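As a plain string of letters, each chain reads:
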Amino acid sequence: MTVNLEVSEGVGTIRLDRPPMNALDVATQDRLRELAEEATRRDDVRAVVLYGGEKVFAAGADIKEMQAMDHAAMVVRSRALQDSFTAVARIPKPVVAAVTGYALGGGCELALCADFRIAGDNAKLGQPEILLGLIPGAGGTQRLARLVGPSRAKDMIFTGRHVRAEEALSIGLVDRVVPAAEVYEQAHAWAAKLARGPATALRAAKESIDAGLETDLDTGLTIERNWFAGLFATEDRERGMRSFVDEGPGKAKFL
């Protein structure tokens, strides 16, 4: 398989495995969607790491495969392409991208689907589709602009340039830069810590933030209010408040 799901300590690692550059061909895109949906369903997966290996995250789409497609074929395929990435973005659990080496084109767009991005000091991110006479088609024009702002997104997309790790950190494209050899370890540790947290509350927080960003403030506040009140019906809320009263803050253990 070109993508695999491995589970350890409540963390599901979605691992790209298509040497040498993890090019995201149609089969890989479809497999990403399948595993994102599986990670969503599985109770033993409480957080997710997206990982491409020690040397490269993903260098983009399979250009030879795309070159063979005409307009009619891409009209059909572009929806499936976006749906695959959206399935990752909508995993209702904390998701961290562990980025080493190149994360270009579809690889950068996949990293944008995560809630948090840890990059190696050797990482290079970018949306070089303009150099092919194209634009990003797996969410890059939308998620990148929402993350770093429209001007910085336009700079990256208009020029197709690569952004090195430190610049990516400075503009908010990644959230932490670490030595390349430590990327997966730190990403897994981040995910494992959250995997021990209250699953329903984490889902509520993620969906409230993501859905709220797509609407006006009043609607966002309604989304938050409904989730907030709904959590009072959960065992995690009972467990968390009981622990706070009996033992003090930060000591609750969630199932």
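Residue positions are given per chain, counted from 1 along the sequence in the order it is written. Where local features are concerned, this predicted model is filtered to residues with pLDDT of at least 70; where side-chain atom pairs are given and counted, the filter is 80 or more; whole-chain, interface and lining totals use all residues. Each side-chain value is worked out from all heavy atoms of the structure, with water and hydrogens disregarded.

A. Highlighting helix α9 (residues 199-213). Secondary structure elements follow DSSP: runs of H or I of four or more residues count as helices, runs of E of two or more count as strands, with numbering from the N terminus. One fewer than the residue count of a helix, multiplied by 1.5 Å, yields its expected span. Taking 1.5 Å as the rise per residue, α9 with 15 residues should run 21 Å; its terminal C-alpha atoms sit 21 Å apart, in good agreement. The buried label goes to any residue with under 20% of its type's maximum accessible area, the exposed label to any with over 50%, and the partly exposed label to all in between, with areas taken from a 1.4 Å probe on protein chains only. Burial in α9 covers these residues: A204, K206 and S208. Here, residues are in contact when the closest pair of their heavy atoms is within 4.5 Å. Lining the buried residues of α9 we find α3 (71-89), β4 (95-99) and α10 (217-230).

B. Highlighting the sheet that holds strand β7 (residues 124-126). DSSP bridges decide pairing: two strands pair if at least two such bridges lie between them. Read across the open sheet, the three strands follow the order β5-β7-β8; overall the sheet is mixed. Among the strands making up the open sheet, the edge pair consists of β5 (102-104) and β8 (163-164). Bridge count between β7 and β8: two bridges; the pairing is antiparallel. For L125, the partnering residue across the bridge sits in β8 and is V163.

C. Focus on the layout of surface pockets. Cavities and pockets were defined on a 1 Å grid built from protein atoms only: a cavity is a group of points that admits a 1.4 Å probe but offers it no way out, a pocket is an open group of points flanked by protein on both sides within 12 Å along at least five of seven lines, and a lining residue is one with an atom within 4 Å of any such point. Grid points are joined across faces, edges and corners, and a volume is the space filled by probe spheres set on the points. Put simply, the largest pocket is a space of about 1000 Å³. Listing elements by their share of the lining of the largest pocket, those giving two or more residues are α3, α5 (140-148), α8 (183-195) and α9. It is α9 that provides the largest number of residues to the lining of the largest pocket, a total of eight residues. Tallied by class, the residues present in the lining of the largest pocket amount to 16 nonpolar, four polar and 10 charged. Looking at the second largest pocket, it is lined by 31 residues, and the ones nearest its centre are A61, M66, E129, L134 and G137. Those elements giving two or more residues to the lining of the second largest pocket turn out to be α1 (26-41), α2 (63-67), α3 and α4 (106-112). As a working rule, the residues Ala, Val, Leu, Ile, Met, Phe, Trp, Tyr, Cys and Pro are called nonpolar, Asp, Glu, Lys and Arg charged, and the rest polar, with Gly in that last group.

D. Expanded view of the packing of α1 against α3. Between α1 and α3, whose axes approach to 8 Å, the crossing angle comes to 40°. You can see that α1 and α3 cross each other, and the crossing is left-handed. Along its contact with α1, which presents V26, Q29, D30, L32, R33 and A36, the element α3 presents R77, L81, D83, S84, A87 and V88. Its residues placed into classes, the contact of α1 with α3 shows six nonpolar, two polar and four charged. Only C-alpha atoms enter the line fits that serve as axes; for helices the fit covers just the stretch in contact. Angles between N-to-C directions range over 0 to 180 degrees. Each helix crossing is assigned a hand: it is left-handed if the near helix lies turned anticlockwise from the far helix by less than a right angle, otherwise right-handed if that turn is clockwise.

E. Broad picture of the nonpolar core. Nonpolar core, defined: a set of buried Ala, Val, Leu, Ile, Met, Phe, Trp, Tyr and Cys residues in which side-chain atoms within 4.5 Å join the residues together. Core analysis: the biggest nonpolar cluster contains 45 residues, and L50, F57 and L173 have the highest contact counts within it. Among the elements that make up this core, the one with the highest residue count is α3 (five residues). Not counting chain neighbours up to four residues away, the residues in contact with L50 comprise I14, F57, V88, V95, V96, A97, A98, L110 and A114. Counting residues in hydrophobic clusters, the runner-up holds 15 residues, among them V11, A47, Y51 and A98.

F. How the structure looks around the packing of aromatic side chains. Stacked, tilted and edge-to-face are the three classes assigned to paired rings of Phe, Tyr and Trp, where Trp is represented by its six-membered ring and a pair needs centres within 6.5 Å; plane angles under 30 degrees give stacked, over 60 edge-to-face, the rest tilted. Per the stated rule, a full pass over the model turns up three aromatic pairs. Their ring planes at 35° and their centres at 4.7 Å tell us that Y51 and Y184 sit as a pair that is tilted. Residue Y51 is located in strand β3 (residues 47-51), and its partner Y184 is located in helix α8; the two are separated by 133 residues in the primary sequence. Residue classification places Y184 among the partly exposed positions, given a relative accessible area of 26%. Taking 5.5 Å as the distance between ring centres and 70° as the angle between the ring planes, the aromatic pair formed by F228 and F232 counts as edge-to-face.

G. Expanded view of the pattern of salt bridges. One speaks of a salt bridge when a side-chain nitrogen belonging to Lys or Arg is within 4 Å of a carboxyl oxygen belonging to Asp or Glu. Throughout the structure, instances matching the rule amount to 14 salt bridges. A salt bridge links D44 to R42, with the shortest nitrogen-to-oxygen separation between them at 2.8 Å. The exposure class of R42 is partly exposed, given its relative accessible area of 26%.

So, to be careful, I would describe these as geometric facts and stop short of saying anything about function.
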